Amino acid sequence: MPSSGSDGMFCRLVDEEDELDHSPDVQFNAPLRPLMTSGPGRYRLATICLTTMCGILLISIIAISAHYKGKAAGGAAAQDVDAMSATISKLQQEKADLQSELAARTAATGGGRHTGPADVTVEVKQSGPKTVAPTTRVAPTPFLCPMEWLLFNGSCYYISRVSRDWPESKSFCESKGAHLAIVITAEEQTFLWDQLPRGHWNAFWIGITDGHTEDQWIWVDGTPLISSFWEEGEPNNHIDEDCVYIVKTQVLERVAVRSWYDAPCDMYRRFICEKEMGGARSTALPH
Ligand SMILES: [Ca+2]
Ligand SMILES: [Ca+2]
């Protein structure tokens, strides 16, 4: 039988199969063979079509996914670039700030030759009003003595290395803003005695004299002698002796509170200067 159109072929195939089931006839076997062989081909075609469509669909899905994935990745990368740019800008600003601070410190310290107080000044300028004022930090300490001066009970003492007569010793102390030592208490006397070196006849002028009226001892600040630390037999004005020194010899039995001697004022001896931290005393007796 001729075959034209798939619907006709399918209907005919069903009818002929029905006929074969109910009245088998060898005459129908020949025309049926081509129809039986054409069936699987049609399914194959449909399968190919579906497979192709699935393939296209799969490719489309993959392409779309890749597109959006790339887009998302691009967005993340853009965010990373923005963050890095912000970080770079911040670091550049910090670098500029540090360079400005370094320049200010260099200018304040005179090209970096000095440190200390100048650094404090820079810190105050940059920290604003909450920072402690520089005057608070650099205020002089009330009980500091000059170098080579000894501190005791609010006074600074200087023991000379050179020898002078009494007037020259007095002038030297005054040139230092001090005076020849005025010894009031046994503690002060003992302190000074302990600082003096021992020697054959180590003698040190202090600030008292009876040069104006014999045997009336007056300190260089104009106050009279009240407590004294004379050696036994002193003062004796033996050879017109109007000035006083402390003697410390090699004899260990000698003690601080018996160590004063009156002696001629033109003798060259070492001397002791004293400077009160409060500057209370002044020299009142020129000699
Ligand atoms: Ca005398
Ligand atoms: Ca004497």
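Residues numbered from 1 in each chain as written. Chains lettered and ligands numbered in written order. Predicted model: local features only at pLDDT ≥ 70, side-chain atom pairs only at ≥ 80, totals over all residues. Heavy atoms only, no water.

K.L.:
How do you make sense of the coordination of the calcium ion (ligand 2) when you look at a structure like this?
P.N.:
Ideal values differ by geometry: the angle at a metal is 109.5 degrees with four tetrahedral donors, but 90 or 180 degrees with six octahedral donors. Here the calcium ion (ligand 2) is held by Glu234 (OE), Asn236 (OD1), Glu241 (OE), Asp262 (O) and Asp262 (OD), and the distances to it run 1.8 to 2.6 Å. Counting along the primary sequence, the residues that act as donors to the calcium ion (ligand 2) give the motif E-x1-N-x4-E-x20-D. With Glu234 in the loop between β5 (218–219) and β6 (243–248) and Asp262 in strand β7 (residues 260–263), the pair connects residues that are 28 residues apart, well separated along the chain. Glu234 gets classed as buried once you look at its relative accessible area, which sits at 17%. (Donors = N, O, S within 2.8 Å, 3.2 Å for Na, K, Ca; no water. Helix = DSSP H or I, 4+ residues; strand = E, 2+ residues; numbered from the N terminus. Buried < 20%, exposed > 50% of the residue type's maximum accessible area, 1.4 Å probe, protein only.)

K.L.:
How should I be thinking about helix α6 (residues 186–195) in this particular structure?
P.N.:
Each α-helix winds once per 3.6 residues, and so residues spaced three or four apart point in a common direction. Of the positions making up α6, those classed as buried are Glu188, Gln189, Phe191, Leu192 and Trp193. For α6, the elements touching its buried residues are β1 (150–152), β2 (155–159), β6, β7 and β8 (270–276). (Contact = heavy atoms within 4.5 Å.)

K.L.:
How should I be thinking about the environment of Tyr268 in this particular structure?
P.N.:
The residue Tyr268 is located in the loop between β7 and β8 in this model. Separated by 3.0 Å, the side chains of Tyr268 and Glu168 make a polar contact. (Polar contact = N/O pair within 3.5 Å; in protein donor to acceptor, adjacent residues only side chain to side chain.)

K.L.:
Please clarify how the coordination of the calcium ion (ligand 1) should be interpreted in this entry.
P.N.:
Within the protein, the atoms that donate to the calcium ion (ligand 1) are Asp210 (OD), Asp210 (OD), Glu214 (OE), Glu214 (OE), Asn237 (OD1), Glu241 (O) and Asp242 (OD), at distances of 2.2 to 3.0 Å. All donors to the calcium ion (ligand 1) come from one chain, and their sequence spacing reads D-x3-E-x22-N-x3-E-D. Taken together, the positions of Glu214 in the loop between β4 (202–209) and β5 and Asp242 in the loop between β5 and β6 put the pair 28 residues apart, joining distant regions of the chain.

K.L.:
Got a minute to help me understand the pattern of salt bridges in this structure?
P.N.:
One side chain can pair with another of opposite charge once the charged atoms of both are near each other. For the structure on display, the rule yields three salt bridges. Among the salt bridges present, the one from Glu174 reaches Lys170, with a minimum N-O distance of 2.8 Å. In this pair, Glu174 and Lys170 both sit in helix α5 (residues 166–175), four residues apart, roughly one turn of the helix. A relative accessible area of 30% places Glu174 in the partly exposed class. (Salt bridge = Lys/Arg side-chain N within 4 Å of Asp/Glu carboxyl O.)

K.L.:
Can you walk me through the side chain of Glu231 in this structure?
P.N.:
Locating Glu231 in the fold gives a position in the loop between β5 and β6. A distance of 2.9 Å separates the side chain of Glu231 from the side chain of Arg254, its partner in a polar contact. Once residues within four sequence positions are removed from consideration, Glu231 is found in contact with Arg254, Arg258, Ser259, Trp260 and Tyr261.

K.L.:
I would appreciate a short explanation of the nonpolar core in the present structure.
P.N.:
Side chains that are nonpolar tend, in soluble globular proteins, to be buried together. Counting residues in hydrophobic clusters, the biggest one holds 39 residues, and the most contacted among them are Trp205, Ile206, Trp260 and Ile272. Among the secondary structure elements, those contributing two or more residues to this core are β2, α5, α6, β4, β6, β7 and β8. (Core = buried A, V, L, I, M, F, W, Y, C linked by side-chain atoms within 4.5 Å.)

K.L.:
Looking at this model, I keep getting lost on the state of the cysteines. Mind explaining?
P.N.:
Within this structure, the stated rule accounts for three disulfides. A disulfide bridge connects Cys145 with Cys156, and the sulfur atoms are separated by 2.0 Å. Negative torsions about the S-S bond denote left-handed disulfides, and the value of about -85 degrees found for Cys145 with Cys156 makes this one left-handed. Taken as a pair, Cys145 in the loop between α4 (134–137) and β1 and Cys156 in strand β2 lie far apart in primary sequence, 11 residues in all. Residue classification places Cys156 among the buried positions, given a relative accessible area of 1%. (Disulfide = S-S within 2.5 Å.)

K.L.:
Would you take a moment to explain the packing of aromatic side chains for this structure?
P.N.:
Two aromatic rings are characterised by how far apart their centres lie and by the angle between their planes. For the structure shown, the criterion picks out 12 aromatic pairs. Arranged with centres 4.5 Å apart and planes meeting at 15 degrees, the rings of Phe152 and Phe191 form a pair that is stacked. Pair noted here: Phe152 is in strand β1 and Phe191 is in helix α6, with a separation of 39 residues, a long-range link. Accessibility expressed as a relative area gives 22% for Phe152, which makes it partly exposed. (Phe/Tyr/Trp six-rings, centres within 6.5 Å; stacked < 30°, edge-to-face > 60°.)

K.L.:
Can you help me understand α5 in this one?
P.N.:
Restricting attention to buried positions, one finds in α5 the residues Trp166, Ser169, Lys170 and Cys173. Take α5 and look down its axis: the buried residues cluster within an arc of 100 degrees, on one side only. In this fold, the buried residues of α5 make contact with β3 (179–180), β4, β6 and β8. At the C-terminal side of α5, Gly177 shows a positive phi close to 75 degrees. (Arc of directions from axis to C-beta.)

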